[in-house]
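Remarks on the overall topology
What follows is the residue order along each chain.
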Amino acid sequence: MQQKTPRPVQFEITEQTRIAIIDWIQLAQLRSEDFLFPSRINSAKHLSTRQYARIMKAWVTEIGLGASMYGTHTMLRTKASLIYRRTKNLRTLQLLLGYTKLESTFRYLGIEVDDALEIVEQTKNLMRINDGLEQTFFDAKLLARS
């Protein structure tokens, strides 16, 4: 559940991650009502964002990268930027990031206003083409029935 908007956020995980999570659930003997990553301090709570940041910092340092250059937010933004660069699908990113407005997704990714307007115009053109194709298909079905 996203804290800002109290809405569920969908995400996908790789097969390797899924297997690792299943192994973790079995190792930690977690039940369905348990948090996937419980707090070390209070067994009734989940891992805090601060603790997660400390873990990330340790991982980044361990592999020899500068801890000041990489953090939890940096990793999320990098992933979002990579998805955008590969797919140019802003709607998917909007859903993955949990934003209600497409404009927020533009801002988050640092897409300039001119680029955003061009994308919106391209989307409108694609929607017009799609509408035209649907109408042609519908007309063809009507003709076939007569």
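These notes cover the structure that comes with them. No experiment lies behind these values; they were computed from the predicted model shown.

A word on the packing of helix α4 (residues 90-97) against helix α5 (residues 102-109). The relative placement of two packed helices comes down to the angle between their axes together with the axis-to-axis distance. Two numbers describe how α4 lies on α5: the axes approach to 9 Å, and their chain directions differ by 90°. The angle between α4 and α5 falls in the class roughly perpendicular. Packed against α4, whose contacting residues are Leu90, Arg91, Leu93, Gln94 and Leu97, the element α5 presents Leu102, Thr105, Phe106, Tyr108 and Leu109 at the interface. The residue inventory of the contact of α4 with α5, partitioned by class, reads seven nonpolar, two polar and one charged.

Let's shift gears to the nonpolar core. With nine residues, the main nonpolar core is built from Ala80, Tyr84, Leu90, Leu93, Leu97, Phe106, Tyr108, Leu109 and Ile111. Broken down by secondary-structure element, the contributors of at least two residues to this core are α3 (72-87), α4 and α5. Apart from residues no more than four positions distant in its own chain, Tyr108 is found in contact with His73, Leu76, Arg77, Ala80, Leu97 and Tyr99.

Let us look at the packing of α3 against α4. Where α3 contacts α4, the two axes come as close as 9 Å, and the packing angle between them is 160°. Classified by the interaxial angle, the pair formed by α3 and α4 is roughly antiparallel. The element α3 and its partner α4 pack so that their crossing is right-handed. Residues Leu76, Ala80, Ile83 and Tyr84 of α3 touch α4, and the partners they reach there are Leu90, Leu93, Leu96 and Leu97. Split into classes, the residues belonging to the contact of α3 with α4 amount to eight nonpolar, no polar and no charged.

Attention now moves to α3. For α3, with 16 residues, the first-to-last C-alpha span of 23 Å sits near the 22 Å given by 1.5 Å per residue. Within two residues after α3, Lys88 carries a phi angle of roughly 55°, on the positive side.

The residue Gln29 is not glycine, and still its phi comes out positive at about 55°. As for its position among the elements, Gln29 is in the loop between α1 (15-27) and α2 (49-62). According to the relative accessible area criterion, Gln29 is exposed, its value standing at 66%. A positive phi angle, close to 55°, is found at Lys88, a residue other than glycine. Classification of Lys88 by relative accessible area gives exposed; the value is 52%.

Each value, and the rule that gives it
- Residues numbered from 1 in each chain as written.
- Predicted model: local features only at pLDDT ≥ 70, side-chain atom pairs only at ≥ 80, totals over all residues.
- Heavy atoms only, no water.
- Axes fitted to C-alpha atoms, helices over the stretch in contact; angles between N-to-C directions.
- Helix = DSSP H or I, 4+ residues; strand = E, 2+ residues; numbered from the N terminus.
- Parallel < 35°, antiparallel > 145°, perpendicular 65-115°, else oblique.
- Contact = heavy atoms within 4.5 Å.
- Nonpolar A, V, L, I, M, F, W, Y, C, P; charged D, E, K, R; others polar.
- Core = buried A, V, L, I, M, F, W, Y, C linked by side-chain atoms within 4.5 Å.
- Buried < 20%, exposed > 50% of the residue type's maximum accessible area, 1.4 Å probe, protein only.
- Left-handed = near helix turned anticlockwise from the far one by under 90°.
- Expected span 1.5 Å × (residues − 1).

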